[in-house]
There are 2 protein chains.
Amino acid sequence: MPELFTVLTPTDALRKLFDHLRAAVPTETIDTASALKRVLAETPVAANPLPSFARSTMDGYAVRAADTYGATEALPAYLTVSGESPMGQAPSIEVGPGQAAIIHTGGMLPHGADAVVMIERTQKTTEREIEVMRSVAPGENVLQIGEDVKAGEPLLPIGHWLRPQDIGGLMAMGITRIKVAQRPRVGILATGDEVIVPQAEPQPGQVRDVNTYTISGLVEQAGGIPQPGGIIGDDFDRLLAAARTALNQADALVLSAGSSVSVRDMTSNVIDQLGQPGVLAHGVSIKPGKPTILAVCNGKPVFGLPGNPVSAMVVGDLFITPTVWKMQGCDRPPVQNRIKARLSHNVASVPGRVDYIQVKLIERDGEWWAEPVFGKSNLIFTLVKSDGMLIIPIDANGVQAGEIVEVKMF
Amino acid sequence: MPELFTVLTPTDALRKLFDHLRAAVPTETIDTASALKRVLAETPVAANPLPSFARSTMDGYAVRAADTYGATEALPAYLTVSGESPMGQAPSIEVGPGQAAIIHTGGMLPHGADAVVMIERTQKTTEREIEVMRSVAPGENVLQIGEDVKAGEPLLPIGHWLRPQDIGGLMAMGITRIKVAQRPRVGILATGDEVIVPQAEPQPGQVRDVNTYTISGLVEQAGGIPQPGGIIGDDFDRLLAAARTALNQADALVLSAGSSVSVRDMTSNVIDQLGQPGVLAHGVSIKPGKPTILAVCNGKPVFGLPGNPVSAMVVGDLFITPTVWKMQGCDRPPVQNRIKARLSHNVASVPGRVDYIQVKLIERDGEWWAEPVFGKSNLIFTLVKSDGMLIIPIDANGVQAGEIVEVKMF
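Residues numbered from 1 in each chain as written. Chains lettered and ligands numbered in written order. Predicted model: local features only at pLDDT ≥ 70, side-chain atom pairs only at ≥ 80, totals over all residues. Heavy atoms only, no water.

*Asks:* Explain the overall build of chain A residue by residue, including any values.
*Replies:* Counting its secondary structure elements, chain A contains seven helices and 24 strands. Against the globule reference of 22 Å for 410 residues, chain A gives a C-alpha radius of gyration of 31 Å, more extended than a compact globule. Judged by the C-alpha coordinates and their principal axes, chain A covers about 95 × 50 × 40 Å. Split into buried and exposed, the 410 residues of chain A put 57% on the buried side. Of the contacts made within chain A by residues no fewer than 6 positions apart, 72% connect residues no fewer than 24 positions apart. Of the roughly 16,500 Å² of accessible surface on chain A, a fraction of 51% belongs to carbon and sulfur atoms. (Helix = DSSP H or I, 4+ residues; strand = E, 2+ residues; numbered from the N terminus. Rg over C-alpha atoms; globule rule 2.2 N^0.38 Å. Buried < 20%, exposed > 50% of the residue type's maximum accessible area, 1.4 Å probe, protein only. Contact = heavy atoms within 4.5 Å. Areas by Shrake-Rupley, 256 points an atom, 1.4 Å probe, with all protein chains shown as cover.)

This is the structure:
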């Protein structure tokens, strides 16, 4: 019976789950260029400094800074142009005392020069001579060797998920292959005598499978590989066999169970047969989603979700998403956007339970309003019509209309 | 010269670009199960109501509500159990006056019944009789036909990007194929005599290509297909030929130019040869990223990015990301997370320009602090070391240390 569940808070439940997980999934070495959103399984180290030569950050003239000291528009310094630093090559010329060399943004500083004067601060007097109208300090307008990265510097920590600039940074260092966590494979089984595949036409009493697809989407967003395993009827032996096979072929398993008490109990019993330690939490103090089962079987996470689609999404967001990241070794996954909005209606809650309220965001007089999308939690389209979730903390007993709330966006 | 640029504000520049874009990319019909993050090119409509039959939301007994009126614990109503509604089938039994049928969550309501009494509100007196200890109203604990979606209802608007619950909702309706915008192909060319492929060992004066990879990542995140076209030297004819080919094979083109004035001018001239109307903005009032070129050539967007990696990322985020979504017909793309944090140092800015400051987020005494990552904007690793960007609006002249700011997370 529901009242006998070991109900944990969401935070405690996730911690307990993580405590029993085995370490991250195996690693693989892949092309850095294809590693967007993948999680590092090694700390790449700079083999060389970046930049590897002193570079100009401006168009202008490479000079010896001392030659410009005291230069003003009224009293410019005169320098002889000794040549040009060509892009992409080491300049063959040197800059001696009283000399300057033409240089472009990104060009290599010639020997002898220690600063760059912007072209706007100079004037040509003859083909071979310029006036410098402002002094520059040594190093001015120059990127020094190793100013971006020093040789031997660790570039990114293990467990970091790779963003576009990280890929760019690794490529800048010539690190074109990288060791990352494999994408965790997540088996997904839908259960229920009433559930049919979406391709079929439901007969009276039948409904199409929804949760396989919402959970697949969440797994994919978290960097995992969803492995849908089909629909299993409400039969203990068949469910156990299917769950064993699915878990063997995956790194984690999600059972989207029916919502009736007998089916939930069956799911829990099946999970307990899959390996040690088995069920860790049977029930979490959230609404919707309370009858959630969290388990670890032989090091692999196993989730028993309530059958109704809104509960399944809430539980997926709260537990499956962070677990899929955690399995990759990532403790700081990308964060979903949160928006402050003014609540349009009173929303009741019960202390001791975290409430998820689906809301639509509406802009009114230049301000965001969060309007609860009412409807039973069995209705998938309440989620489709929502922009995000208002989360009411465990100790609150509701939120008043007009209060500013934080909405977690989908 | 930079001073002659037609400098637009970021908002005006993007609007001008969008005004000249041709409509969205072509559409394609794909499996709904594979359509996560794709953008709808049609409005799916409900062929049937959902649910298609009245369903119980509880474990209990299907009853005629009128039979329970006035029932209390002290004075229960007595009903005869006429049978059970099996999961996944139309029940063969009916519920007559004074009768009840066992029903499970998700089960179909038998003819005659109009409400469900939770099992917890009942007690078995004999094998065939129950006591009902609370009255229910007609419709109580029942999902009505069409309560989730009515037949003929439009399910989602054109231009909507598909989230996990949207995929689930479409599958619930049996919509297993869906028309979406094709993923826009974005050609990317790096230019510069000094730029080499990351696989090569740089000689003095050479640097590895970075922007091809950061821009590819941004394009991928926005649902596009990056088409890297290699590195072209600073030669007008070769760049024009490569740009023509790349744009022909793509829906948009990004030229990551060098940063010297002469190279920028070359890029601008190349872009003007690619089609009408050509360059729309040469320079945008942002820092870094001012020398950006925005163009539309024969309906396709073309971007000329400053060569330095930080500018390229800022411009990519400001212009390329929304454009790739817009090309798919999506005006409300996924929003990046924004976090409020307290600024650790004074940051200066110039009114009339939007400033992007890279920051690291640090938790101190339970509060987020935004710490600027100082360093020249040519340094890719300032971006790698940052968690997000502090955006200083166009009319501000700096932010004081200690102020609360909004950080746009990567």
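*Asks:* Residue-level account of the pattern of salt bridges, with values.
*Replies:* Per the counting criterion, the structure on display carries 32 salt bridges over all chains. The shortest N-O distance in the salt bridge between A:Glu367 and A:Arg342 comes to 2.8 Å. One end of the pair, A:Glu367, is in strand 22 (residues 367-372); the other, A:Arg342, is in strand 20 (residues 338-343), and 25 residues separate them in sequence. For A:Glu367, a relative accessible area of 28% translates into the label partly exposed. B:Glu28 serves as the salt-bridge partner of B:Arg38, at 2.5 Å between the closest nitrogen and oxygen. Placement of B:Arg38 in the loop between strand 1 (27-31) and strand 2 (55-56) and of B:Glu28 in strand 1 is noted, with a sequence separation of ten residues between them. Take B:Arg38: its relative accessible area is 12%, and that puts it in the buried class. Classification of B:Glu28 by relative accessible area gives partly exposed; the value is 29%. Salt bridges linked by common partners bring A:Arg338, A:Lys340 and A:Glu406 together as one network. (Salt bridge = Lys/Arg side-chain N within 4 Å of Asp/Glu carboxyl O.)

*Asks:* If you had to explain the relation of the copies chain A and chain B to someone new, which residues and values would you point to?
*Replies:* When chain A is fitted to chain B, the residual RMSD is 0.1 Å, and the transformation amounts to a turn of 180 degrees plus an axial shift of 0.0 Å. Such a combination of rotation and displacement between the chain copies is what one expects of a two-fold axis. It is A:Asn337 whose C-alpha, among those of chain A, lies nearest the rotation axis, at 1.9 Å. Comparing interface residues between copies, 100% of those in chain A also sit at the interface in chain B, which points to an isologous, same-surface contact. (Least-squares fit on C-alpha atoms with pLDDT ≥ 70 in both.)

*Asks:* Break down a positive patch on the surface for me, with residues and values.
*Replies:* A cluster of basic side chains, namely A:Lys37, A:Arg183, B:Lys37 and B:Arg183, defines a positive patch on the protein surface. With respect to the helices, strands and loops of the structure, A:Arg183 is situated in the loop between strand 10 (177-181) and strand 11 (185-191). For A:Arg183, a relative accessible area of 32% corresponds to the partly exposed category. (Patch = residues over 30% accessible without salt bridge, like charges linked within 9 Å, V, L, I, M, F, W, Y side chains within 5 Å. Lys, Arg positive; Asp, Glu negative; His and termini not counted. Charge placed at Lys NZ, Arg CZ, Asp CG, Glu CD.)

*Asks:* Break down the packing of helix 1 (residues 10-20) of chain B against helix 6 (residues 309-327) of chain B for me, with residues and values.
*Replies:* Residue and element names in this part refer to chain B. Between helix 1 and helix 6, the shortest axis-to-axis distance is 11 Å and the interhelical angle comes to 35 degrees. Seen along the crossing, helix 1 lies across helix 6 with a hand that is right-handed. Residues Pro10, Ala13, Leu14, Leu17 and Phe18 of helix 1 lie in contact with helix 6, whose contacting residues are Leu318, Phe319, Pro322, Thr323 and Lys326. Partitioning the contact of helix 1 with helix 6 into residue classes produces eight nonpolar, one polar and one charged. (Axes fitted to C-alpha atoms, helices over the stretch in contact; angles between N-to-C directions. Left-handed = near helix turned anticlockwise from the far one by under 90°. Nonpolar A, V, L, I, M, F, W, Y, C, P; charged D, E, K, R; others polar.)

*Asks:* So, the sheet that holds strand 11 of chain A: which residues are in play, and what are the values?
*Replies:* Residues and elements named next belong to chain A. Within the open sheet, the six strands sit side by side as 14-11-15-19-18-16. Their pairing is mixed. With partners counted over all chains shown, the strands left at the sheet margins are strand 14 (225-232) and strand 16 (277-282), one partner each. Within the sheet, the average angular offset between the axes of one strand and its neighbour, ignoring direction, is 20 degrees. Bridge analysis of strand 15 (residues 252-256) against strand 19 (residues 300-305) gives four bridges, and the strand direction is parallel. (Pairing = 2+ DSSP bridges.)

*Asks:* Tell me about the domain arrangement of chain A, and name the residues and values.
*Replies:* For chain A, the assigned domains read domain 1 (2-25 + 183-327), domain 2 (27-50 + 152-181), domain 3 (55-143) and domain 4 (338-409). Here the C-alpha centroids of domain 2 of chain A and domain 4 of chain A sit 39 Å apart. (Domains from an automatic or database assignment.)

*Asks:* Please set out the environment of A:Ala190 residue by residue, giving values where relevant.
*Replies:* Note that A:Ala190 resides in strand 11. Spatially, the C-alpha atoms of A:Ala190 and A:Ile232 are 6.2 Å apart, while their sequence positions differ by 42 residues.

*Asks:* Residues and numbers for the interface of chain A and chain B, please.
*Replies:* The extent of an interface is frequently quoted as the accessible surface area lost upon association of the parts. Contacts between the two partners involve 77 residues from chain A, matched on the other side by 77 residues from chain B. When chain A packs against chain B, close to 6,600 Å² is buried across both sides, 61% of that on carbon and sulfur atoms. When residues of chain A are sorted by the area they lose upon contact with chain B, A:Asp148, A:Gln165 and A:Phe381 head the list and together hold 10% of the total. In this assembly, chain A and chain B are joined by two salt bridges. Taking the shortest distance from any N to any O, the salt bridge between B:Glu153 and A:Lys385 comes out at 3.5 Å. One can count 18 residue pairs in polar contact (both at pLDDT 80 or more) joining chain A with chain B. Sorting the residues of the side of chain A that touches chain B by element identifies strand 9 (142-143), helix 2 (164-172), strand 13 (207-208), helix 3 (211-221) and helix 7 (380-384) of chain A as the ones contributing at least two each. Top element by residues in the side of chain A that touches chain B is helix 2 of chain A. It accounts for eight residues. (Buried area = accessible area lost by both parts, 1.4 Å probe. Polar contact = N/O pair within 3.5 Å; in protein donor to acceptor, adjacent residues only side chain to side chain.)

*Asks:* Requested: an account of the environment of B:Ser85, with residues and values cited.
*Replies:* Residues and elements named next belong to chain B. Checked against the element boundaries, Ser85 lands in the loop between strand 4 (77-84) and strand 5 (99-103). Along the sequence, Ser85 and Ser216 sit 131 residues apart, while their C-alpha atoms lie 56 Å from each other. Those residues within four positions of Ser85 in sequence are excluded, and the remaining contacts are Pro91, Ile102, Ile103, His104, Gly107, Met108 and Pro110. At 2.7 Å, the side chain of Ser85 forms a polar contact with the backbone oxygen of Met108.

*Asks:* Lay out the packing of aromatic side chains with the relevant residues and their values.
*Replies:* Applying the stated criterion across every chain yields a total of zero aromatic pairs over all chains. Cation over ring: A:Arg364 sits above A:Trp369, and NZ or CZ is 4.7 Å from the ring centre. (Phe/Tyr/Trp six-rings, centres within 6.5 Å; stacked < 30°, edge-to-face > 60°. Lys NZ or Arg CZ within 6 Å of the ring centre and 35° of its normal.)

*Asks:* Summarise the pairing of strand 18 (residues 293-297) of chain B; cite the residues concerned and give the values.
*Replies:* Residues and elements named next belong to chain B. In terms of burial, strand 18 is a largely internal element, five of the five residues being buried. Judged by which residues are buried, strand 18 turns out to be covered on both faces: Ile293, Ala295 and Cys297 on one side and Leu294 and Val296 on the other are all buried. Relative to strand 18, strand 16 (residues 277-282) runs antiparallel, the two being bridged by five bridges. If you follow Val279 over to strand 18, its bridge partner there is Ala295. As judged from the five bridges shared by strand 18 and strand 19 (residues 300-305), these two strands associate in the antiparallel manner.

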